[in-house]
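Chain by chain, the residues:
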Amino acid sequence: MFAHRFPLLLFPLLALAFSPVSAKEKEDKAPAGQGPYIEYIPGTLPLVISAPHGGYLKPGDIPDRIGGKVEQDSFTQEMARAIREEFQKRTGGTPYVILCRLHRVKLDCNREIKEAAQGNPTAEKSWRDYHAFIEKAKAEVEQKFGAGLYIDLHGQRHEQGRIELGYLLSGQELALDDDAITKQAGKTSVRELDQRSPASFVDLLRGEVSLGALLDAKGYTCVPGPTVHAPAEGELYFPGGYDTQIHGSRDGGTLSGIQMECPFVGVRDTKPHRENFAKAFCEVLTTQYFPAHFGKPLGPQKAP
Ligand SMILES: [Zn+2]
């Protein structure tokens, strides 16, 4: 009897041990209280990273969304995790990470709730959890560090293959000259960082120490940046969506936001590419972007 039952009991245990949800992922899980579909990983740096479109889960009790975009931003969840690990290696600190683990066909956290969840209560709860976790991270960063940076991480496959940085300025607005674009600073998701940084708005956006310039120098062409100020007429470009509007500093607060839309080839497509990008991103933020604009390197807060 036991001889038969034992292997039967053992099998699920073995399956669990070798399932793709590794022990590493389990220890990344947030404390009790969160819903099953949103993962919140607390951080120790003034950096908040969210990935709304990198989820895989398609539970049967949430109907498929109708009408909106439903494509996943492939490997953006993995990118967020790779970036977090790289920061931990380099600085000993970690960014706050918020992941929607539902596939976009079930929930789109980068839209207002009606279009995002289409009236399904489980999807609506997950949407609320996702945004509440970003706000929780934001409140902690503002309280502990005074100010910080929010990156909403996405993927696109536009043919130019550039990283599209969204500050809530349209492609046409990015093409404005220095004087005209400076007048737009107050309506961007980096409104507060512009006031805080000694750099001019133009320099923050496309000057030598802009995020675009720093990533350009690592081999990742960005728009906007010093090389490409704006998309050409007819080129697709994402200026920043709901997350960037709501959680950046446009409407107040000291967490400034940038939507980072990564191309697939060379950035998201393979683990080594994702790790290379994570290294470059971590290096430029830590050693250049934060010192230039926040007045200090990006590192964990020292005990007083
Ligand atoms: Zn997206």
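Residues numbered from 1 in each chain as written. Predicted model: local features only at pLDDT ≥ 70, side-chain atom pairs only at ≥ 80, totals over all residues. Heavy atoms only, no water.

### Section: the nonpolar core
Inside soluble globular proteins, nonpolar side chains tend to come together where they are buried. Core analysis: the biggest nonpolar cluster contains 53 residues, and L215, M260, F277, L285 and Y289 have the highest contact counts within it. Considering each element in turn, this core owes the most residues, 9 residues, to helix α13 (residues 271–293). When near neighbours in sequence (up to four residues on either side) are disregarded, F277 contacts M79, I83, I163, L215, Y220, M260 and V267. (Core = buried A, V, L, I, M, F, W, Y, C linked by side-chain atoms within 4.5 Å. Buried < 20%, exposed > 50% of the residue type's maximum accessible area, 1.4 Å probe, protein only. Helix = DSSP H or I, 4+ residues; strand = E, 2+ residues; numbered from the N terminus. Contact = heavy atoms within 4.5 Å.)

### Focus: the coordination of the zinc ion
Bound to the zinc ion on the protein side are H53 (ND1), D73 (OD) and H154 (ND1), at distances that span 2.0 to 2.1 Å. Sequence positions of the residues that donate to the zinc ion give the spacing H-x19-D-x80-H. You can see H53 sitting in the loop between β2 (47–51) and α3 (76–91) and its partner H154 sitting in strand β4 (residues 148–155), a full 101 residues away along the chain. On the basis of relative accessibility, which here comes to 1%, the residue H154 falls in the buried class. (Donors = N, O, S within 2.8 Å, 3.2 Å for Na, K, Ca; no water.)

### A look at the state of the cysteines
Summed over all chains, the structure comprises 0 disulfides. Cysteine C222 shares no disulfide, and the gap to the nearest cysteine sulfur, in C262, comes to 8.6 Å. Classification of C222 by relative accessible area gives buried; the value is 0%. (Disulfide = S-S within 2.5 Å.)

### Overview of α13
Residue pairs spaced three or four apart in an α-helix point in one direction, given the helix's 3.6 residues per turn. In this model, α13 (23 residues) spans 31 Å end to end at C-alpha, consistent with the 33 Å of a helix rising 1.5 Å per residue. The principal kink in α13, of about 45°, is found at L285. For α13, the full list of buried residues reads R274, F277, A278, A280, F281, C282, V284, L285, T286, Y289, F290 and H293. Positive backbone phi, approximately 80°, marks G295, located one or two places after α13. (Expected span 1.5 Å × (residues − 1). Bend = angle between axes of the 7 residues up to and from the residue.)

### Re the pattern of salt bridges
Inspection of the entire model under this criterion finds 18 salt bridges. Across the pair R101 and E39 runs a salt bridge whose closest N-O atoms are separated by 3.2 Å. Taken as a pair, R101 in the loop between β3 (96–100) and α4 (113–117) and E39 in strand β1 (residues 38–41) lie far apart in primary sequence, 62 residues in all. Residue R101 shares its accessibility class with E39, and that shared class is buried. (Salt bridge = Lys/Arg side-chain N within 4 Å of Asp/Glu carboxyl O.)

### With respect to the packing of α3 against α13
Two elements in contact, α3 and α13, have axes whose closest approach is 9 Å; the angle formed by their N-to-C orientations is 50°. By the angle class used here, α3 and α13 are oblique. In the packing of α3 onto α13, the handedness of the crossing is right-handed. Touching E78, M79, A82, I83, E86, F87, R90 and T91 of α3 are R274, F277, A278, K279, F281, C282, E283, L285, T286 and T287, all from α13. Considering only residue class, the contact of α3 with α13 consists of 9 nonpolar, 3 polar and 6 charged. (Axes fitted to C-alpha atoms, helices over the stretch in contact; angles between N-to-C directions. Parallel < 35°, antiparallel > 145°, perpendicular 65-115°, else oblique. Left-handed = near helix turned anticlockwise from the far one by under 90°. Nonpolar A, V, L, I, M, F, W, Y, C, P; charged D, E, K, R; others polar.)

### Some remarks on unusual backbone geometry
Note on backbone geometry: most residues besides glycine have negative phi, and most peptide bonds are trans. Across the junction of V223 and P224, the peptide omega takes the value -5°, indicating a cis bond. Within the element layout of this structure, P224 appears in the loop between β6 (222–223) and α11 (242–247). Residue Q118 is not a glycine yet carries a positive backbone phi of 50°. Residue Q118 is classed as partly exposed on the basis of its relative accessible area, which comes to 34%. Non-glycine residue L168 carries a positive phi angle of around 75°. With respect to the element layout, L168 can be found in the loop between β5 (163–166) and α6 (171–174).

### Looking at α3
Taking 1.5 Å per residue, 16 residues should reach 22 Å; α3 reaches 22 Å between its end C-alpha atoms and fits that length. Of all the residues in α3, the buried ones are T76, Q77, M79, A80, R81, A82, I83, R84, E86, F87 and T91. In the stretch just after α3, G92 is the one whose phi turns positive, near 80°.

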